Amino acid sequence: MAPHSLLDGHEDGPIGNGFAPVGPHIDSEQHPNHSSLNNQSHLRGVAPEGVHDLVCVGFGPASLAIAVALHDTIDRGNLSKSGDASSPKVLFLEKQQQFAWHAGMLLPGAKMQISFIKDMASLRDPTSQFTFLNYLHKNGRLVEFTNLNTFLPARVEYEDYLRWCASFFDDVVQYNTEVISVSPSKASDPAGPVSTFTVTSKNVKTGALTTYQAKNVLLAVGGQPLLPKCLPSNHPRVIHSSQYAHLVPQILNNPNSPYRVAVIGAGQSAAEIFNNVQTLYPNSRTSLIMRSEFLKPSDDSPFVNSIFNPSFVDSLYQRSADNRYSLIENARSTNYGVVRLGLIEHLYERMYDQRRELGSDERKWPHRIRNGTDVVGLDTKGDQLRLTVRSLGLTKPPGDDYLRNGASDDEILDVDLVIAATGYRRQSHLTMMEEVADLLPKAYDSNGDSKTNGFASRFTEAKIKDHAVRVSRDYSVQFAPGKVSSGSGIWLQGCCEGTHGLSDTLLSVLATRSEEIVNSIFGEGLRNKGA
């Protein structure tokens, strides 16, 4: 993924809300401790048995932006402060042990690829205390950062900025809490509309179950690592790129060993890992395996970049589904399966140096880009990993002999580690909402026949059983008429790309989107305050 990703330049990274990275957690001593008596927000929760105005599932950048927007709205006097009977009662539930943003891909020297102005607040309210510039000011680095003459801070610094923002909301965040389901609460009138939802969660350390009642629930659970079907999901030496910084130093624990590493993918994450392994392990032999013929540069030119403008969501949402999908597919080069040009040029130069020093026979090169190649199998028997790859450029279709004897272009790679930078799935919200299905409208295909199974692909209407999951412009789930009371609802973030555009999973619109959602959920309170 390129310039706007939540993983900032990486293949469709997870928002990180609700799902912890696999592997050891980052040692808190590696990060400044931002907790202090001065870092307190205007938000307050209620007793577990009380009814919340809003429960947010996940506390990554998307939900953090909601917290910041709520604080700023209260700070401006447009909502009541804590202690007042009408003040918002809010709770955030997060599976991770503490706030962390893609710790598995915080590689040395990695830079952000969107402007720091697209932070948690600036595009909504540049005077907010939660801007990146104020973070620099409070940490005594504003002048020195200015001397860098850049809009693109180091990725590790931006993660620290997010941690700093998150530290203000510790009182209303419950970490180590995995949400299992969201269901309608039982009403006194079974035939009446639902006014509250029950959020069931599990303590990840003890396994204890807890339930919370909420008028509104916001699901921002991010993406779940996606591995190719031919790879095992539980092998200790087959990992997803999101685990890279956590697990690779443990698996490959001798920097001088001649490790053999295969990286699968053609996006920014794959290219960065391919490059980083060679730096960390100078005697390694690496392969970058990709179906694409070329590493393609991301398009971050100004006109194309307008697809990430907050105002573009309005333009896109009102279009027909076919038109939306066509536009999004046409703009994939801004965001999917692309690499920053500087890294492409660096890798090309490295391939050229090998050609100059070792000759044109690439089999002699320690580092190879295997373009136009697919992974078709992995043999994990014994101590060796044997990865089977196949060229996609076959000149004739396989016949019986071909199938019986194996593809002539198949190649077996003996490797010590396989790293799949192959993106993420965004369907966990559907699993969480299964008990809400009866409140949703029926789904029908183009022939009017009811669809009864399966969840959606990225550009088809999401379904739970035979009910459609449709999202309004304000990110609220559309329920069947009369099923849910006014002032109650479920809201989705990070899984609405088909209706709201490429920015839905990205950092670019968080500041403005959070204000839209806060206004929609707490609109009556805002109107009463004259906002």
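In this report, the structure presented in the accompanying data block is examined. (Residues numbered from 1 in each chain as written. Predicted model: local features only at pLDDT ≥ 70, side-chain atom pairs only at ≥ 80, totals over all residues. Heavy atoms only, no water.)

1. Overview of the overall build of the chain
Within the chain, the regular secondary structure consists of 15 helices and 19 strands. Each of the 531 residues in the chain was classed as buried or not, and the buried ones make up 54%. Restricting to contacts in the chain with at least 6 residues of sequence separation, those with at least 24 account for 77%. By element, 49% of the accessible surface of the chain is carried by carbon and sulfur atoms, the whole surface being about 23700 Å². (Helix = DSSP H or I, 4+ residues; strand = E, 2+ residues; numbered from the N terminus. Buried < 20%, exposed > 50% of the residue type's maximum accessible area, 1.4 Å probe, protein only. Contact = heavy atoms within 4.5 Å. Areas by Shrake-Rupley, 256 points an atom, 1.4 Å probe, with all protein chains shown as cover.)

2. Quick word on the packing of aromatic side chains
Tallying each qualifying case throughout the model produces 20 aromatic pairs. Relative to Trp 164, the ring of Phe 130 lies with its centre 6.4 Å away and its plane at 55 degrees, an arrangement referred to as tilted. Residue Phe 130 is found in the loop between strand S2 (90-93) and helix H2 (132-138), and its partner Trp 164 is found in helix H4 (residues 155-167); the two are separated by 34 residues along the sequence. Judged by its relative accessible area of 0%, Phe 130 falls in the buried class. Judged by its relative accessible area of 5%, Trp 164 is buried. Seen in terms of ring centroids, Phe 132 and Tyr 158 are 5.9 Å apart; in terms of plane orientation they differ by 25 degrees. Their pairing is stacked. Placement of Phe 132 in helix H2 and of Tyr 158 in helix H4 is noted, with a sequence separation of 26 residues between them. (Phe/Tyr/Trp six-rings, centres within 6.5 Å; stacked < 30°, edge-to-face > 60°.)

3. Focus: the packing of helix H6 (residues 268-280) against helix H10 (residues 341-358)
Here H6 crosses H10 at 45 degrees, and the two axes come no closer than 11 Å. It follows from the interaxial angle that H6 and H10 lie oblique. The two elements H6 and H10 meet at a crossing, and its hand is left-handed. For the pair formed by H6 and H10, the contact residues are Gln 268, Ala 271, Glu 272, Phe 274, Asn 275 and Gln 278 on the first element and Leu 343, His 346, Leu 347, Arg 350 and Met 351 on the second. Here the residues of the contact of H6 with H10 are counted per class, giving 5 nonpolar, 4 polar and 2 charged. (Axes fitted to C-alpha atoms, helices over the stretch in contact; angles between N-to-C directions. Parallel < 35°, antiparallel > 145°, perpendicular 65-115°, else oblique. Left-handed = near helix turned anticlockwise from the far one by under 90°. Nonpolar A, V, L, I, M, F, W, Y, C, P; charged D, E, K, R; others polar.)

4. A few points about helix H1 (residues 61-75)
Helix length check: H1 (15 residues) gives 20 Å between terminal C-alpha atoms against 21 Å at 1.5 Å per residue, within 8%. Here H1 lies mainly inside the structure; 14 of its 15 residues are buried. Remark: Gly 77 follows H1 within two positions and exhibits a positive phi of approximately 85 degrees. (Expected span 1.5 Å × (residues − 1).)

5. Points about the nonpolar core
Considering soluble globular proteins, one finds that nonpolar side chains tend to be buried as a cluster. If you look at the biggest cluster of nonpolar residues, it comprises 81 residues, and the most contacted ones within it are Phe 59, Leu 64, Phe 169 and Ile 490. When residues of this core are assigned to their parent elements, the largest contribution, 9 residues, is made by H1. Ile 239, Ile 344, Leu 347 and Leu 417 belong to the second largest nonpolar core, which has 31 residues in total. (Core = buried A, V, L, I, M, F, W, Y, C linked by side-chain atoms within 4.5 Å.)

6. Some details on the packing of H1 against helix H14 (residues 510-521)
Between H1 and H14, the shortest axis-to-axis distance is 8 Å and the interhelical angle comes to 60 degrees. Here the hand of the crossing between H1 and H14 comes out right-handed. Residues Pro 61, Ala 62, Ala 65, Ile 66, Ala 69, Leu 70 and Thr 73 of H1 touch H14, and the partners they reach there are Leu 510, Arg 513, Ser 514, Glu 515, Ile 517 and Val 518. Its residues assigned to classes, the contact of H1 with H14 comprises 9 nonpolar, 2 polar and 2 charged.

7. Describing the sheet that holds strand S14 (residues 411-415)
Pairing is antiparallel in the open sheet, where 3 strands are placed in the order S12-S13-S14. Taken across any chain shown, the strands that pair with only one partner, and hence form the sheet edges, are strand S12 (373-379) and S14. Geometrically, the sheet is characterised by an average inter-axis angle of 30 degrees between neighbouring strands, direction not taken into account. Sheet analysis places S12 next to strand S13 (residues 385-391), joined by 6 bridges and oriented antiparallel. The residue of S13 that forms the bridge with Asp 374 is Arg 390. (Pairing = 2+ DSSP bridges.)

8. Quick notes on a nonpolar patch on the surface
Together, Ile 117, Leu 123 and Phe 151 line one region of the surface with nonpolar side chains, adding up to about 260 Å² of accessible area. As for its placement among the helices and strands, Leu 123 is situated in the loop between S2 and H2. For Leu 123, a relative accessible area of 39% puts it in the partly exposed group. (Patch = residues over 30% accessible without salt bridge, like charges linked within 9 Å, V, L, I, M, F, W, Y side chains within 5 Å. Salt bridge = Lys/Arg side-chain N within 4 Å of Asp/Glu carboxyl O.)

9. Points about the pattern of salt bridges
Scanning all chains against the criterion turns up 23 salt bridges. A salt bridge links Lys 95 to Glu 178; the nearest nitrogen and oxygen atoms lie 3.9 Å apart. Placement of the pair is Lys 95 in the loop between S2 and H2 and Glu 178 in strand S4 (residues 177-184), with a sequence separation of 83 residues. By relative accessible area, which is 22% here, Lys 95 ends up partly exposed. One salt-bridge network, held together by shared partners, links Lys 95, Glu 178 and Lys 202.

10. Considering unusual backbone geometry
Positioned with a positive phi, Asn 149 is a non-glycine residue whose angle comes to about 60 degrees. Take Asn 149: it is sitting in the loop between helix H3 (142-147) and H4. Taking the relative accessible area as the measure of exposure, Asn 149 reaches 70% and is therefore exposed. Residues other than glycine seldom take positive phi values, yet Tyr 475 does so here, at roughly 75 degrees.

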